[in-house]
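Structure at a glance
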Amino acid sequence: MDLCDTPKEAEFRARLREWLHAVLPGLPPKPDPADWPGRRAYDLGWQRRLYDAGYADVHWDASPALRMIYLEESEKAGAPYVGANFVGLLHAGPTIAAEGTDAQRARWLPPILRGEEVWCQGFSEPDAGSDLAALRTRAHRDGDDYVVTGSKIWTSHAEVADWCELLVRTDPDAPRHRGITWLALPMDAEGVTVRPLRTLAGSTEFAEVFLDEVRVPAANRVGAENDGWRVTMVTLSFERGTAFVGEVVACRRVLRQLAGTAKENGRWDDPALRRRLGRLDAEFRALWRLTQWNVSEAAAGGGVPGVGGSVFKLRYSGARQELYDTAADVLGPDALDLDRPWVLDRLSSLSYTIAAGTSQIQRNIVAERMLGLPRGR
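Residues numbered from 1 in each chain as written. Predicted model: local features only at pLDDT ≥ 70, side-chain atom pairs only at ≥ 80, totals over all residues. Heavy atoms only, no water.

1. Things to note about unusual backbone geometry
Trans is the common state for peptide bonds, and a negative phi is the common state for residues other than glycine. One non-glycine residue, His-157, lies in the positive phi region at around 60°. With a relative accessible area of 5%, His-157 lands in the buried category. Of note, the phi angle at Glu-213 is positive, near 50°, even though the residue is not glycine. The class for Glu-213 is exposed, based on a relative accessible area of 56%. (Buried < 20%, exposed > 50% of the residue type's maximum accessible area, 1.4 Å probe, protein only.)

2. Some thoughts on the pairing of strand β2 (residues 138-142)
Pairing of β2 with strand β3 (residues 145-152) involves 5 bridges; the strand directions are antiparallel. Looking at β3, one finds that Arg-138 is bridged to Thr-149. (Pairing = 2+ DSSP bridges. Helix = DSSP H or I, 4+ residues; strand = E, 2+ residues; numbered from the N terminus.)

3. Section: the pattern of salt bridges
Under the criterion given, the structure shown has 22 salt bridges. Between Asp-162 and Arg-40 there is a salt bridge, with its nearest N and O atoms 3.1 Å apart. Of this pair, Asp-162 sits in the loop between β3 and β4 (163-169) while Arg-40 sits in helix α2 (residues 36-53), and the two are 122 residues apart along the sequence. Judged by relative accessible area, Asp-162 falls into the partly exposed class, the value being 25%. Where Arg-279 meets Glu-322, a salt bridge forms, and the shortest distance between an N and an O atom there is 2.7 Å. Separated by 43 residues along the polypeptide, Arg-279 in helix α8 (residues 271-300) and Glu-322 in helix α9 (residues 308-331) bring together distant segments of the chain. (Salt bridge = Lys/Arg side-chain N within 4 Å of Asp/Glu carboxyl O.)

4. Notes on the packing of helix α1 (residues 7-23) against helix α3 (residues 64-77)
One can describe the packing of α1 onto α3 by two numbers: an axis separation of 10 Å at closest approach and a directional angle of 30°. Viewed along their axes, α1 and α3 adopt a mutual orientation that is roughly parallel. As for the relative orientation of α1 and α3, their crossing is right-handed in sense. Facing Lys-8, Glu-9, Phe-12, Arg-13, Leu-16, Arg-17 and Leu-20 of α1, the residues of α3 in contact are Ala-65, Leu-66, Ile-69, Tyr-70, Glu-72, Glu-73, Ser-74 and Ala-77. Residues of the contact of α1 with α3, tallied by class, amount to 8 nonpolar, 1 polar and 6 charged. (Axes fitted to C-alpha atoms, helices over the stretch in contact; angles between N-to-C directions. Parallel < 35°, antiparallel > 145°, perpendicular 65-115°, else oblique. Left-handed = near helix turned anticlockwise from the far one by under 90°. Contact = heavy atoms within 4.5 Å. Nonpolar A, V, L, I, M, F, W, Y, C, P; charged D, E, K, R; others polar.)

5. Some remarks on α3
For an α-helix the count is 3.6 residues per turn, leaving residues at separations of three or four pointing the same way. For α3, built from 14 residues, the straight-helix expectation of 20 Å at 1.5 Å per residue is met to within 8% by its first-to-last C-alpha distance of 20 Å. By the criterion of burial, α3 is predominantly enclosed, with 11 of the 14 residues buried. Just past α3, the residue Gly-78 takes up positive phi, approximately 80°. (Expected span 1.5 Å × (residues − 1).)

6. Topic: the pairing of strand β1 (residues 119-122)
Neither face of β1 is exposed, since Trp-119 and Gln-121 on one face and Cys-120 and Gly-122 on the opposite face are all buried. Judged from the 4 bridges that link them, β1 and β4 form a sheet pairing that is parallel. Looking at the pairing, Cys-120 lines up with Cys-164 of β4.

7. As for the packing of aromatic side chains
According to the stated counting rule, one finds 7 aromatic pairs in the structure shown. Between Trp-108 and Trp-119 the ring centres are 5.9 Å apart and the planes differ by 85°, which places this aromatic pair in the edge-to-face class. With Trp-108 in helix α5 (residues 102-113) and Trp-119 in strand β1, the pair connects residues that are 11 residues apart, well separated along the chain. Residues Trp-108 and Trp-119 agree in their burial class; the two are buried. Consider the rings of Trp-108 and Trp-163, whose centres lie 5.5 Å apart with planes at 70°: the pair is edge-to-face. Separated by 55 residues along the polypeptide, Trp-108 in helix α5 and Trp-163 in strand β4 bring together distant segments of the chain. Here Trp-163 falls in the buried class, since its relative accessible area comes to 10%. Taken together, the ring pairs connect Phe-12, Trp-19, Trp-46 and Tyr-55 into an aromatic cluster. The side chain of Arg-141 reaches across the aromatic face of Tyr-146, ending 5.4 Å from its centre. Lying over the aromatic face of Trp-268, Lys-263 brings its terminal NZ or CZ to 4.9 Å of the ring centre. (Phe/Tyr/Trp six-rings, centres within 6.5 Å; stacked < 30°, edge-to-face > 60°. Lys NZ or Arg CZ within 6 Å of the ring centre and 35° of its normal.)

8. Some points on the environment of Val-192
Mapped onto the fold, Val-192 is located in strand β6 (residues 192-197). Considering only alpha carbons, one finds Val-192 and Thr-149, 43 residues apart in sequence, at a separation of 9.6 Å. Leave out the neighbours within four places in its chain, and Val-192 touches Leu-185, Pro-186, Met-187, Val-209, Phe-210, Leu-211 and Val-214.

9. Re helix α4 (residues 86-99)
Taking 1.5 Å of rise per residue, 14 residues should cover 20 Å, and α4 covers 19 Å from first to last C-alpha, within 8% of that figure. At Ala-92, α4 is deflected by roughly 40°, the largest bend along its length, and proline Pro-94 occurs up to four residues later in sequence. Of all 14 residues in α4, 11 are buried, a share of seventy percent or more. Within α4, the full set of buried residues consists of Phe-86, Val-87, Gly-88, Leu-89, Leu-90, His-91, Ala-92, Gly-93, Pro-94, Thr-95 and Ile-96. (Bend = angle between axes of the 7 residues up to and from the residue.)

10. So, the state of the cysteines
With the rule as written, the count across this model stands at 0 disulfides. Here Cys-164 stays unpaired: no disulfide links it, and the sulfur of Cys-120, its closest cysteine neighbor, is 3.8 Å away. (Disulfide = S-S within 2.5 Å.)

11. Considerations on the side chain of Glu-9
Structurally, the position occupied by Glu-9 is in helix α1. Buried and unpaired, Glu-9 has Arg-13 as its nearest opposite-charge partner, separated by 6.8 Å. Within the structure, the side chain of Glu-9 is placed 2.9 Å from the backbone nitrogen of Thr-6, a separation counted as a polar contact. Residues contacting Glu-9, with those up to four places away along its chain left out, are Cys-4, Ala-65, Leu-66 and Ile-69. (Lys, Arg positive; Asp, Glu negative; His and termini not counted. Polar contact = N/O pair within 3.5 Å; in protein donor to acceptor, adjacent residues only side chain to side chain.)

Below you can see the structure in the form of structure tokens.
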């Protein structure tokens, strides 16, 4: 397998690097992390710049290799992350591009690309835990609409979203994985209530969403009725495939900074700490190569990442937590100061073994779909 850039990829990398170098110094200051309307406006403004420069559609209308180069170079340059746009750009958008009708692609993809609409994800439910197929939010067909009742939790950026990729149960009598439908829910629909949730780090990027007989046009269904589980697997393959590329680059940068800080404050003299840093360096190098392999597999498979993304997600989640645990050891008593670098990152790292499918779920996927082991009873 050739992991080097092709001439086309090398040209794209050089052009993107030059553009980032020219545009980033002129960006406005980032808003306060607690100001979600301000962050939404900032993130949409950055997306508009990408659109005007011709980079907006890289997340779904480019090869997986170009998508990876874009995420890698953006992180290295310190460019803004997708932020409030991440569900639209990295999950819902690619899913609609792969599974939607021509009319759906024409309606929803351009506003995402132009930085005009924000999406959130309505998958998790309070009583389902990590078992996504146990969802109980109901939807029944009434004429040209589905009428939806239920609730969702951990809905990222729901308080500033225009649309929600929503999973509902349309056939309660069907086997668990066969009675689910994927809908696009307008967040301003009557009967939608959003209640932000405050995290350990004090932020409110998650919310509860309550749905009280909300009418959703049947035209907003992506895929066939009761085929939502298959469509969802497409969504999750993107979520676990290339969406973390930039974060691997960021973790490798943090690792280098940790080594520098340890040398400055004397912690470098601890051989156990040096071994941890060395092992983490090897771990993230391996994760980077695994990402390149997954991208190559996706390119061969038509652009949709495969189950190899679950291997990556499982290893990356643990490595990220260990990285920021090591950062706490390097900082010593300063690891309790929320104003110090890496402290809030350590708190947020605790969620990574849960978000985008728990580590237990990823192990099941690897065991059953890759290794062919029997399903649990």
